[in-house]
Amino acid sequence: MRTEIVYEDERLLVVYKPAGLATESARVNQADVVSELKNYLSHGTKIPYLGLAHRLDQPVEGLLAVAKDQKTAAGLTKQLQNGQMKKSYRAVVYVPEETGGTLNEPVELNDFLVKEGGRARIVTAVRGAQKAVLTYRLQKVQGNAALARIDLETGRFHQIRCQMAAHGLPLLGDLKYGSKESLALGRKLQAKSIALCADTLTLLHPETGKKLKVTVEPRNEVFQVFST
C-alpha cells in the first residue's frame, strides 16, 4: 500500500498520500488512496465506509483526513467550511532575483478563479468565478529557489499552483503552471514532482473536540536543498 497511515482511531484516519497517487480515481485499474484504504479496512465481504474531507492533486504529496463513518464525515466537512480545519503547505518556488521579497513577511493573495477544462485561471470578479485566498511566507532563499510556507483560507481547484504562478512564484516541477525558468530550475534541483507538500493538518477531533495536529516531512528531493 502506497498510502501511509499517520494517525488512526475508531472515527477517522489521517494519511500521507505520495505524489503520483490519485486521491480517488474513476479508472477501474488505477490505484488510489480510497481503494487502498478500503482494502486496508475491509473485513470479509463488508465494504467499509470512507468519507473524504478534502483532496490533493495527483502530483501533490501530503496529508488527508478520512472519516470512517457518515457523522464524522459531516463534521469534518463542516470544519473545513467554517475554517476550523487548517491546511498548511510547504513549497519550493522559483523566485526572480529582482522580486525576492522579505523573508517571513506574510503576503496575502486574493483572487478570483475559474476552472476551464483541466486548468484554473485568474479572472476579474465575474459570474461563476470563485474567490481564492491564501497567505504565503518565503522562509529561505538559495539563488532563484525559495522555500515557502503557504496557508490556505479557501480550497479551490489548483489554487496554490495557479495563484503562485500568476503572481510570479511558480512551483518547481509544475508542468502545467510552471515557467520556462522554473521548469529548468526544477530539473536542475531534481524536483521529481510538483514541489508542494500538505505537511500540516489541524482539526478538532469529532468525538473529543480536542485539537489534533498532524505533520509530515516532504519526500520530494528538492526540499533537501533547504535542509541545512
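If you're wondering where the values come from, they're calculated on a predicted model, not measured in any experiment.

**Quick notes on the overall build of the chain**
Here's step 1: For the chain, the count of helices and strands is four helices and 11 strands.
Here's step 2: For 228 residues, the compact-globule formula gives about 17 Å, and the C-alpha radius of gyration of the chain, at 18 Å, lands near that figure.
Here's step 3: For the chain, the proportion of its 228 residues judged to be buried stands at 48%.
Here's step 4: Taking the intrachain contacts of the chain between residues at least 6 apart in sequence as the baseline, contacts between residues at least 24 apart amount to 63%.
Here's step 5: Summed over its atoms, the accessible surface of the chain is roughly 11900 Å², and 48% of this surface lies on carbon and sulfur atoms.

**Focus: the environment of Asn-39**
Here's step 1: Structurally, Asn-39 can be placed in helix α1 (residues 33-41).
Here's step 2: On the basis of relative accessible area, Asn-39 is assigned to the exposed category, the value being 58%.
Here's step 3: Counting along the chain gives 38 residues from Asn-39 to Met-1, while the straight-line C-alpha distance between them is 9.3 Å.

**Description of a nonpolar patch on the surface**
Here's step 1: On the surface, Met-1, Ile-5 and Tyr-40 cluster together into a nonpolar patch covering about 280 Å² of accessible area.
Here's step 2: With respect to the helices and strands, the residue Tyr-40 is situated in helix α1.

**Notes on helix α4 (residues 180-188)**
Here's step 1: Considered for burial, the residues of α4 that qualify are Ser-182, Leu-183, Leu-185 and Gly-186. Axial view of α4: buried residues confined to an arc of 165 degrees, hence all on one face. For α4, exposure combined with an orientation more than 90 degrees from the buried face picks out Lys-180, Arg-187 and Lys-188.
Here's step 2: The inward-facing, buried residues of α4 contact β5 (86-94) and β9 (145-152).
Here's step 3: Immediately beyond the C-terminal end of α4, within one or two residues, lies Gln-190, with a positive phi of roughly 65 degrees.

**So, the pattern of salt bridges**
Here's step 1: Inspection of every chain in the model, using the stated rule, returns 12 salt bridges.
Here's step 2: Linking Arg-219 and Glu-4 is a salt bridge whose minimum nitrogen-to-oxygen distance equals 3.0 Å. Here Arg-219, found in the segment after β11 (211-215), pairs with Glu-4, found in strand β1 (residues 4-8); they are 215 residues apart in sequence, far enough to count as distant.
Here's step 3: Residue Glu-4 is classed as partly exposed on the basis of its relative accessible area of 34%.
Here's step 4: Between Arg-11 and Asp-69 there is a salt bridge whose closest N-O contact spans 3.3 Å. Residue Arg-11 is found in the loop between β1 and β2 (12-17), and its partner Asp-69 is found in the loop between β4 (61-67) and α2 (70-82); the two are separated by 58 residues along the sequence.
Here's step 5: Judged by relative accessible area, which is 13%, Arg-11 ranks as buried.
Here's step 6: Overlapping salt bridges, with partners in common, bring together Arg-90, Arg-149, Asp-199 and Glu-217 in one network.

**Here's the deal with the confidence of the model for the chain**
Fine structural detail should not be taken from predicted coordinates in areas where pLDDT scores are low.
Here's step 1: Overall, the prediction assigns the chain a mean pLDDT of 90, with 96% of residues at 70 or greater.
Here's step 2: Per-element mean pLDDT across the chain ranges from 88 in strand β7 (residues 119-123) up to 97 in strand β10 (residues 196-204).

**Overview of the side chain of Lys-17**
Here's step 1: Note that Lys-17 resides in strand β2.
Here's step 2: Looking at Lys-17, its side chain comes within polar contact range of the main-chain oxygen of Leu-21, at 2.7 Å.
Here's step 3: A distance of 3.4 Å separates a polar side-chain atom of Lys-17 from the backbone oxygen of Asp-57.
Here's step 4: When sequence neighbours within four positions are dropped, the list of residues in contact with Lys-17 reads Ala-22, Thr-23, Val-33, Leu-56, Asp-57, Gln-58, Val-60, Glu-61, Gly-62 and Leu-64.

**Considerations on the nonpolar core**
Here's step 1: Counting 31 residues, the largest nonpolar core has Val-93, Ile-150, Ile-160 and Met-164 as the members making the most contacts within it.
Here's step 2: Only β2, α1, β4, β5, β8 (130-142), β9, α3 (159-166) and β10 provide two or more residues apiece to this core.
Here's step 3: In this structure, Ala-67, Leu-203, Val-214 and Val-216 belong to the second largest nonpolar core, which totals 16 residues.

**Section: the side chain of Arg-11**
Here's step 1: In terms of polar contacts, Arg-11 uses its side chain to reach the side chain of Asp-69, at 3.3 Å.
Here's step 2: The contacts of Arg-11, once residues within four sequence positions are left out, are Ala-67, Lys-68, Asp-69, Lys-71, Thr-72, His-205, Pro-206 and Glu-207.

Parameters at a glance
Residues numbered from 1 in each chain as written. Predicted model: local features only at pLDDT ≥ 70, side-chain atom pairs only at ≥ 80, totals over all residues. Heavy atoms only, no water. Helix = DSSP H or I, 4+ residues; strand = E, 2+ residues; numbered from the N terminus. Rg over C-alpha atoms; globule rule 2.2 N^0.38 Å. Buried < 20%, exposed > 50% of the residue type's maximum accessible area, 1.4 Å probe, protein only. Contact = heavy atoms within 4.5 Å. Areas by Shrake-Rupley, 256 points an atom, 1.4 Å probe, with all protein chains shown as cover. Patch = residues over 30% accessible without salt bridge, like charges linked within 9 Å, V, L, I, M, F, W, Y side chains within 5 Å. Salt bridge = Lys/Arg side-chain N within 4 Å of Asp/Glu carboxyl O. Arc of directions from axis to C-beta. pLDDT = per-residue confidence, 0-100. Polar contact = N/O pair within 3.5 Å; in protein donor to acceptor, adjacent residues only side chain to side chain. Core = buried A, V, L, I, M, F, W, Y, C linked by side-chain atoms within 4.5 Å.

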